[in-house]
2 protein chains.
Amino acid sequence: MTRYPADQLTAWLVTLFEENGAARDVAETTARILVEGDLLGHHTHGVKLANGYLSDLKAGHASGDPQRLVIEQGSPVAALFDGNYVLGPYLVQRALDQCRKAAKDYGIGIVSLKRSHHIACLASYLAPLVEDNLVPIIMTSDPAVASVAPFGGTERVYTPNPLAIGIPGREQPILIDVSMSTVTNGSVNKARAAGQKLDHPALLTAQGTPSNDPEAFFAAPGGSILPLGGLEFGHKGFALGLMVEALTSALSGFGRKDAPSGWGASVMIMVIDPARFGGTEAFLDETDHLVRRCLNAGQIDPQQPVRLPGQSGLRRRATYLKEGIPLPEDVVAELHKAIGDSSLRDSVSLG
Amino acid sequence: MTRYPADQLTAWLVTLFEENGAARDVAETTARILVEGDLLGHHTHGVKLANGYLSDLKAGHASGDPQRLVIEQGSPVAALFDGNYVLGPYLVQRALDQCRKAAKDYGIGIVSLKRSHHIACLASYLAPLVEDNLVPIIMTSDPAVASVAPFGGTERVYTPNPLAIGIPGREQPILIDVSMSTVTNGSVNKARAAGQKLDHPALLTAQGTPSNDPEAFFAAPGGSILPLGGLEFGHKGFALGLMVEALTSALSGFGRKDAPSGWGASVMIMVIDPARFGGTEAFLDETDHLVRRCLNAGQIDPQQPVRLPGQSGLRRRATYLKEGIPLPEDVVAELHKAIGDSSLRDSVSLG
């Protein structure tokens, strides 16, 4: 399998985004965040997305012009960003940079971002802040999409609503990126494309029966994704999904009530600096202690030791940075499409 | 069944706490928060706890002296509270009051509280802030207790780690209070005391087999509680449990590494004011829209319409305020013990 150097992939994407009108800064940030997704092994939310971003740039639904971002600074620690559908990775990174400064000065910084274009893989943003001993938190929903049903209901109302948080630690930093539903839209699409069933009955037919068949989701009338906790404890996943809706769309003032269409996101970005609370060293001591306790907590399956969130991603990242990223076929195919008739066509061989 | 007026219960508890050395303010806040738990129907985390609080006050593990709270103000929006085991409801209320002010002035306020005594029911704190169109968030862990195993592991490492958030809405405000595990320590204890099984296999034996038998938890070697998501999607509940550990104990600098004993809590308290972001009216519009969508999203069981988190609690509260609270037998028994040989003994008849 061909392995692609991360630098090379990033450079290609920068060229492609710039050719489609993105400013240097927007192109570079978006390229970096997409490649970061593949470095961590999240291939559905990495380079594979570039072709869709380029199509939206061409169609005018996405923008690469950073001037379109409008910032309303509510206080030194709080801001509302109107992203005006600038490419999401640029907007989220700008918000994180601002929150990082606020966190260092005040202990915490928060940005509510509305009308962002798609923001890729949440885990991709965490590492640089965690390495600086800060705690980044990102939540997002897409008010243009409904795929998850409320607990007890059968109709799609909201999105999987992922939450990401980075937890600094000396031995094993923790990178969390989990949705508040059993599975994501991406997993359902992927299983369907592969003609496979899901591992677990994470879906609900329109008639209210659990199913592991992705076709149940796409039937007419359509099925839905179950909240985290499923039929037994799904009231908790439902509650957490509502939390993300409130802290993203409601907080930004723009959401489902506005019936937007196309690829978009409402996002909450927050950074906390432990130095302004119990202190950085004590924070790291506690994380290290907890990590050791978790890794030594026995194992249900002798072949499957306990892993901390982000542990395999970070290990993969280290390997891929040295040896290149082994991109899955579907990602290479999308990259091919993205390159299309660009200036890269003659110089790039995708193997 | 005897119904107890909320005011009467509160007055009794104030007397009891004051008789055991609590300052007026501490006694009143603690009494109010405990009764609020019963008003919302959370009888395991209401008045029933008073006897335990009184025992800890007598034994010197809890304190009713507000002077013992030490505040380190990291910035106008961020503070570290060292609770010194003052009764938890007083400490959390103090933190919320401070965060409310910061949120109004800066959009957000955050307090990290370490070495609190027990903080009762998280949902009990939310309504007054939500009625003021603010978003309160509370998370807590108890570093002295371990009952949940990491995903894939068999040994207890951390606590159910609840998260609470209040979401303002005109038609139906949302009060969320959910743990990041399948069930709580309280549910396991309650089922055991009643000689009943749990509704679902939410426990794991020490050998790594799922079980609905509370005795599995108390066996030697002991079992554990499964993270939210169970054996299928428990990596998500585990991740969320770690998030709460980090934002409570690690952030405060005091946690499992310090091996505390006795009833206690690490807590994160946060308040956000939508007025400093997309605006209060837009926030309420979005909540109202989402609530309607959820309530009209069909139903799996024709007998069980979709309910929003807090919906039945708030309805119950309105009824109980008018008609009195029908306390379960076990709560009345604990209240009897709490009254013991206090000055109330001759004047109170518990029916």
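Small disclaimer: the values here were computed from a predicted structure and weren't measured.

Visitor: Can you break down the domain arrangement of chain A residue by residue, with the values?
Guide: All names here are of chain A. Domain boundaries assigned for chain A yield domain 1 (1-64 + 311-350), domain 2 (69-177 + 226-309) and domain 3 (183-225). For domain 1 and domain 2, the distance between their C-alpha centroids amounts to 23 Å. On the domain 2 side, the residues contacting the 24 residues of domain 1 number 25 residues. Interface area for domain 1 against domain 2, summed over the two sides, is near 2200 Å², with a carbon-plus-sulfur share of 67%. Linking domain 1 with domain 2 are zero salt bridges, by the criterion used here. The interface formed by domain 1 and domain 2 contains twelve residue pairs in polar contact (both at pLDDT 80 or more). For the side of domain 1 that touches domain 2, the secondary structure elements donating two or more residues are α2 (24-39), α3 (50-59) and α10 (311-323). The biggest single contributor to the side of domain 1 that touches domain 2 is α2, with nine residues. Of the residues in the side of domain 1 that touches domain 2, the class split is ten nonpolar, ten polar and four charged.

Visitor: Explain the environment of Ser-249 of chain B residue by residue, including any values.
Guide: Structurally, Ser-249 of chain B can be placed in helix α8 (residues 230-252). Residue Ser-249 of chain B is classed as buried on the basis of its relative accessible area, which comes to 0%. Distance in space between the C-alpha atoms of Ser-249 of chain B and Ala-27 of chain B is 26 Å, their sequence separation being 222 residues. Among residues more than four places away in sequence, those in contact with Ser-249 of chain B are Glu-286 of chain A together with Ser-141, Pro-143, Phe-254, Gly-255 and Ser-266 of chain B. A distance of 2.9 Å separates a polar atom in the side chain of Ser-249 of chain B from a polar atom in the side chain of Ser-266 of chain B.

Visitor: Residues and numbers for the sheet that holds strand β9 (residues 224-225) of chain A, please.
Guide: All names here are of chain A. Pairing is antiparallel across the open sheet formed by three strands, whose spatial order is β8-β7-β9. Each having just a single partner strand, β8 (210-211) and β9 make up the two edges of the open sheet. With two bridges connecting them, strand β7 (residues 203-204) and β9 associate as antiparallel partners. In the sheet register, Leu-204 faces β9, and the bridge partner there is Ser-224.

Visitor: Lay out the relation of the copies chain B and chain A in plain terms, naming residues and giving numbers.
Guide: Rotating chain B by 180° and translating it 0.0 Å along the rotation axis places it on chain A, where the RMSD comes to 0.0 Å. These values place the two chain copies in the arrangement generated by a two-fold rotation axis. Closest approach to the rotation axis among the C-alpha atoms of chain B is made by Gly-229 of chain B, whose C-alpha sits 2.4 Å away. Here 100% of the interface residues in chain B have copies in chain A that are interface residues too; the copies meet face to matching face.

Parameters and conventions
Residues numbered from 1 in each chain as written. Chains lettered and ligands numbered in written order. Predicted model: local features only at pLDDT ≥ 70, side-chain atom pairs only at ≥ 80, totals over all residues. Heavy atoms only, no water. Domains from an automatic or database assignment. Contact = heavy atoms within 4.5 Å. Buried area = accessible area lost by both parts, 1.4 Å probe. Salt bridge = Lys/Arg side-chain N within 4 Å of Asp/Glu carboxyl O. Polar contact = N/O pair within 3.5 Å; in protein donor to acceptor, adjacent residues only side chain to side chain. Helix = DSSP H or I, 4+ residues; strand = E, 2+ residues; numbered from the N terminus. Nonpolar A, V, L, I, M, F, W, Y, C, P; charged D, E, K, R; others polar. Buried < 20%, exposed > 50% of the residue type's maximum accessible area, 1.4 Å probe, protein only. Pairing = 2+ DSSP bridges. Least-squares fit on C-alpha atoms with pLDDT ≥ 70 in both.

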